[in-house]
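So you can see what is in the structure, the chains are spelled out below.
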Amino acid sequence: MAVRNIRQMGDGILNKKCREIKAVTPRIQELIDDMLETMYEANGVGLAAPQVGVLKRVVVVDIGDGPIVLINPRLMESSGEQTGEEACLSVPGKYGIVTRPMHVKIEAWDEDMQRMELEGDELLARAFCHEIEHLDGHMYVEKVEDGLHEAVYEEEDE
Ligand code: ZN
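Remember, predicted model here, so these are calculated numbers, not experimental data. (Residues numbered from 1 in each chain as written. Predicted model: local features only at pLDDT ≥ 70, side-chain atom pairs only at ≥ 80, totals over all residues. Heavy atoms only, no water.)

## Notes on helix H1 (residues 26-41)
Given 3.6 residues to a turn, an α-helix orients residues that are three or four positions apart in the same direction.
Here's step 1: The terminal C-alpha atoms of H1 lie 22 Å apart, and with 16 residues this matches the ideal 22 Å at 1.5 Å per residue to within 8%.
Here's step 2: In the segment just after H1, Asn 43 is the residue with positive phi, at about 55°. (Helix = DSSP H or I, 4+ residues; strand = E, 2+ residues; numbered from the N terminus. Expected span 1.5 Å × (residues − 1).)

Here it is as structure tokens:
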């Protein structure tokens, strides 16, 4: 496994549409393993393949409940609404306010190419939407409600 270089906003590869995966070849398995390592190294909750320069429909997500690998993911249903902060490993040091569904249902394929349906609420719903959009060349910055803000970390009082 290896940590891969995360592409930054402005890199044209982030605006391209990704291709479907037909089979999990050793090369795709290596991509998945590397994406997980890269996401954890960067303290992210999700990463999509184009963010490491690969135009394939693969996403990894971990909101703290363990890794989820999504191959060819697609949004099936969404309901409700949440408005909150969102950030992206390809836009370091920034965040923005984005409205997303509160609940989503998605379909995807796992590493054995078994179809699955997953549901997510709150942060997980947000992560699914954010990462799936990367596969079609879209970034959350297109949806921010009042621009991008600098992520400032409060210093602890002595
Ligand atoms: Zn992102």
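## Side note on the state of the cysteines
Here's step 1: Applying the stated rule across the entire model yields zero disulfides.
Here's step 2: Here Cys 129 is not cross-linked by a disulfide; its sulfur's nearest cysteine counterpart is in Cys 88, at 14 Å. (Disulfide = S-S within 2.5 Å.)

## Some points on the sheet that holds strand E1 (residues 46-48)
Here's step 1: Ordered in space as E1-E2-E3-E6-E7, the five strands form an open sheet in which the pairing is antiparallel. At either margin of the open sheet sits one strand with a lone partner, and together these are E1 and strand E7 (115-121). Pairs of neighbouring strands in the sheet enclose a mean axial angle of 40°, with direction left out of account.
Here's step 2: Bridge count for E1 against strand E2 (residues 58-61) is three bridges, and the pairing is antiparallel. Along E2, the bridge assignment pairs Gly 46 with Val 61. (Pairing = 2+ DSSP bridges. Axes fitted to C-alpha atoms, helices over the stretch in contact; angles between N-to-C directions.)

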